[in-house]
Each structure stands twice: as structure tokens, then as C-alpha cells.
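If you want the building blocks of each chain, they are given just below.
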There are 2 protein chains.
Amino acid sequence: MSLSHAILGLLTITPMTGYELKNEAFDTTIAHFWQADQAQIYRTLAAMAENGWVKVELEIQEDRPNRKVYSITEAGREELRRWLHTEQPLPIHREPFLVQMFFASALDDATILDHIARQRRGHEARLAQYQRIPVPPLGDPALDRTRTFWRLTLEMGIAMERAYLAWLDQCEAVVRGMRDDEAGERA
Amino acid sequence: MSLSHAILGLLTITPMTGYELKNEAFDTTIAHFWQADQAQIYRTLAAMAENGWVKVELEIQEDRPNRKVYSITEAGREELRRWLHTEQPLPIHREPFLVQMFFASALDDATILDHIARQRRGHEARLAQYQRIPVPPLGDPALDRTRTFWRLTLEMGIAMERAYLAWLDQCEAVVRGMRDDEAGERA
DNA sequence: CTATTATATATGTAAAGTCATATAAAAGCG
DNA sequence: CGCTTTTATATGACTTTACATATATAATAG
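Here's what I pulled together on the structure shown here. (Residues numbered from 1 in each chain as written. Chains lettered and ligands numbered in written order. Predicted model: local features only at pLDDT ≥ 70, side-chain atom pairs only at ≥ 80, totals over all residues. Heavy atoms only, no water.)

1. Looking at helix H3 (residues 38–51) of chain A
Residue and element names in this part refer to chain A.
For step 1, the next point in the chain: Across its 14 residues, H3 extends 20 Å between first and last C-alpha, which sits within 8% of the 20 Å expected from 1.5 Å per residue.
For step 2, the next point in the chain: Residues of H3 that are buried: Ile-41, Thr-44, Leu-45 and Met-48. Each buried residue of H3 lies within a common arc of 105 degrees when the element is viewed along its axis, so the set occupies one face. Seen from the buried face of H3, the exposed residues on the opposite side, beyond 90 degrees, are Arg-43 and Glu-50.
For step 3, the next point in the chain: Packed against the buried residues of H3 are helix H1 (2–13), helix H2 (18–26), strand E2 (54–59) and strand E3 (67–72).
For step 4, the next point in the chain: One or two steps after H3, the chain reaches Gly-52, where phi turns positive at roughly 90 degrees. (Helix = DSSP H or I, 4+ residues; strand = E, 2+ residues; numbered from the N terminus. Expected span 1.5 Å × (residues − 1). Buried < 20%, exposed > 50% of the residue type's maximum accessible area, 1.4 Å probe, protein only. Arc of directions from axis to C-beta. Contact = heavy atoms within 4.5 Å.)

2. Let's talk about the sheet that holds strand E1 (residues 16–17) of chain B
All names here are of chain B.
For step 1, the next point in the chain: If you trace the three strands from one edge of the open sheet to the other, you get E1-E3-E2, paired in antiparallel fashion. Of all the strands in the sheet, just E1 and strand E2 (54–59) have a single pairing partner and so form its edges.
For step 2, the next point in the chain: Bridge count between E1 and strand E3 (residues 67–72): two bridges; the pairing is antiparallel. Considered in E3, the bridge of Met-16 is made with Tyr-70. (Pairing = 2+ DSSP bridges.)

3. Quick look at empty space enclosed by the protein
For step 1, the next point in the chain: Per the stated rule, a full pass over the model turns up two cavities of 30 Å³ or more.
For step 2, the next point in the chain: Its volume calculated, the largest cavity comes out at about 40 Å³.
For step 3, the next point in the chain: Around the largest cavity sit Pro-89 and Pro-91 of chain A together with Glu-95, Pro-96, Phe-97, Leu-98, Gln-119, His-123, Tyr-164, Trp-167 and Leu-168 of chain B, which together line it.
For step 4, the next point in the chain: Mapped onto the lining of the largest cavity, the elements with two or more residues apiece are helix H5 (96–102), helix H6 (109–131) and helix H7 (145–177) of chain B.
For step 5, the next point in the chain: A breakdown of the residues in the lining of the largest cavity according to their chemical character gives eight nonpolar, two polar and one charged.
For step 6, the next point in the chain: Space inside the second largest cavity adds up to approximately 30 Å³.
For step 7, the next point in the chain: Looking at the second largest cavity, the residues that line it are Glu-95, Phe-97, Leu-98, Gln-119, His-123, Tyr-164, Trp-167 and Leu-168 of chain A together with Pro-91 of chain B.
For step 8, the next point in the chain: Listed by contribution, the elements that provide at least two residues to the lining of the second largest cavity are helix H5 (96–102), helix H6 (109–132) and helix H7 (145–177) of chain A.
For step 9, the next point in the chain: A per-element tally of the lining of the second largest cavity places H7 of chain A first, with three residues. (1 Å grid on protein atoms, 1.4 Å probe; cavity = no way out; pocket = protein on both sides within 12 Å on 5 of 7 lines; lining within 4 Å. Points joined across faces, edges and corners; volume = space filled by probe spheres on them. Nonpolar A, V, L, I, M, F, W, Y, C, P; charged D, E, K, R; others polar.)

4. Some remarks on the interface of chain A and chain B
For step 1, the next point in the chain: Taken together, the 72 residues of chain A in the interface contact 72 residues of chain B.
For step 2, the next point in the chain: When the buried area of chain A at its contact with chain B is split by residue, Arg-94, Phe-102 and Arg-145 of chain A rank highest and sum to 12% of it.
For step 3, the next point in the chain: The interface formed by chain A and chain B contains four salt bridges.
For step 4, the next point in the chain: Between Glu-87 of chain A and Arg-118 of chain B there is a salt bridge whose closest N-O contact spans 3.1 Å.
For step 5, the next point in the chain: Taken together, chain A and chain B are joined by 30 residue pairs in polar contact (both at pLDDT 80 or more). (Buried area = accessible area lost by both parts, 1.4 Å probe. Salt bridge = Lys/Arg side-chain N within 4 Å of Asp/Glu carboxyl O. Polar contact = N/O pair within 3.5 Å; in protein donor to acceptor, adjacent residues only side chain to side chain.)

By themselves, these are just geometric observations and shouldn't be taken as functional.
In C-alpha cells, the structure reads:
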């Protein structure tokens, strides 16, 4: 359960509601390398409260639904500290498009080029989104220790998207350059 | 269920048992961008047989456990063809190490450098493994249409691992170069 | 000669992730 | 004035993934 550790980390910054955690903290930071939906975050928070890793304060609001503000406990800090010292497994990638490309020889070139173009638009959008995140670049004197690590993870996100785009260019070039005698059966 | 489509694709090459599918076909190809364990593959094959996408032939063996050889049916080919034409979602990355790095400011530099070194060893091993896969490089005349796409997905795997290694170098350089006045509280 | 690895399939269980939907009311938009 | 978005939490239902374990035998390694 890396999700609970991500949440613990975010709660060290400031106490938050599940809603804020999801929409303000999580989705703008960790979601780039660890996705979770609203249901998962709420359920994980409930489990963490039972563990004693976080505590809840109910804020009654009259004009709004009540807020449950979660904050990290000493036990939670301890658990986060422990987890931060453990070795992490290598990343797991789920790439349906790569599965498709692996078997793309059965498709005609126009369809493949269309698939490539769509993937490119998606990755361009992701890259643009990353580049709008306001964290000072490496070397900037405004970068403190905390933000240095934020910046490093962002650098990885940007590097990944650039690698995808470069690869998509390569795919396109290869498909466009394929001679007919490389053509097998197609669907 | 992209796994069943991956299996369909592999079964277009040749009929196979679940065992062969897992240990000979899947793990040496698609596992790099779509992981699945033995239990999942066996259960997915059973579901696909119920769907009519594959059919089974029982080979009775005396000295060995019996083999169930799966082959793709016309309905399976049709489904694969349909799926190959659909647009695929962007990749999902689960990167526990990136979560850890995001909160690494709480760790001392030596621990961080150790984490980085361990990740590097893992990625170096993956890269070496990819580079041992015997698929002719792009441009090689021995590369037919089918293998061209295999090679392209391999190129992506190699590019990914190189991007990771470059990023780990960057992380290491940044951590080594951090001055004490960038140091915050640590655990 | 024993222990491990390879061949081959199956299942129980739990954790994690996805998708949809329910409730409730304010604020903003056209 | 009605429609959509934002704020805020909750749960049902399902699928997918992961981890462990069971069975059985041959071949290989030490």
C-alpha cells in the first residue's frame, strides 16, 4: 500500500480533507507516478484512521457538507519514516499501446499512423501539463531541500514524456519508411 | 482486459499451453510493458475459452502432467482485429521510488544515495536483459514486418531504461551537490 | 544421493483498482 | 431562471492483480 504512504507524506505538509487531498495535493503531484481515484483515497483514509496513522476532526459547516480534516499522528510520522527507509521495487508500467504496437503488423499503415498520432497528442498534453507546474528549475536559488526533490520527480515526468514523443517519432518514421516487401498479411 | 488481447496476439503465432505462454512467450516479450502472473494467465485462458475466443486440446502425457494446448478461434481473431483498431489509453506508471523521492527531503543524503544506487542496479539489469533479446536492429534487412514492430517496442523499453538511468545520475549529482543551507529537517 | 529446477495446472484469498451512483447545497454561467 | 461546476463524503459492485499454496513427476545439479 504505497498509496497510504503517499497520503502520509502529503499530510506532513498540512492537515487536509479527503477532497483537498485528492483535488489539490494528490492530482497535482503524486498522481503523475501513482494514480488513485476518489473512492480509493477516501477508503484508504478511513483505513489509516483505524490504524491510528491519521486522526480526524469533523468541521461542521452549515452551508456546505461537513468537512473531515485529516492530520498525521506521531504513529503516522513513524510509519512514514520507516517506509522512507525501505527499498522500493522497480516501476510497473501498464502500456496498452505498446501491446497494440507489438501486434500492429496485422494493421494497415494508415491505421497505425492514426494510432501513433493520437498517442502523440496525449503525451504532448501531459508534457505541457508538467511544464506548467510551478516549481523552480534545478539550480535556482529559490529551490529549498523539499522542493529540490519535488523538482527531481517532475524532471523524471518530463523526461519520460520526451522519451515517449521521441519514440513515437521513430515509430512514425519507420512505418512511413516501410517498403512493400516488408509487408505481411494485414487486417 | 488488455491481457486477453495480448494472449490472443501471442496465440496467432502458434498454439500454446498456459505454461509455454507464460514462460516462453509472455515473459520474454509483453511482460516488459504488461505484467501478469501465472494465476492470472491461467484464469484468463479459462475465461477466454468460455468466451469462445480460444479452444483447448488436451494432450495426455504419461510421464508428465497433461498439457492443455490453447489455440485461437475465428471469434478470437475477430476480437483481436477489433481491439487492434481501438484507441488505447495513455500508459499508467506505478513508481513507488518516485513517491519515495518526492518525500526524500526527510532522509539524510547517505540513505538517499543508497536508494538511488539500488534503483540503478535494478534498471541496469533490466536494460542488460532487454539488450540480450535477439531481435535484429532497425534497418537490418532480416527484419520483416512482424519483427519490425517487436523491435520498436523493444526500442521503447531500452529508451525507458536509459531515461531512468540518466535521471538517476541527475538525482545523484543533485544530492551530492546540495549545500548545507539547503538542508531542512531530516529523519 | 539429495535438493533444486523444470514441466504443468489449479485454486483460495486478499488487496488494489475501477466505475457508477447517491446525497446536498452553493456558486457561477449563459 | 435553469444548467453546470464546485465543494464534500460515502458506498455498492465488480474486475484485476498479487501472493501463496497444492499436486505430481522428471531431469539436472551439487
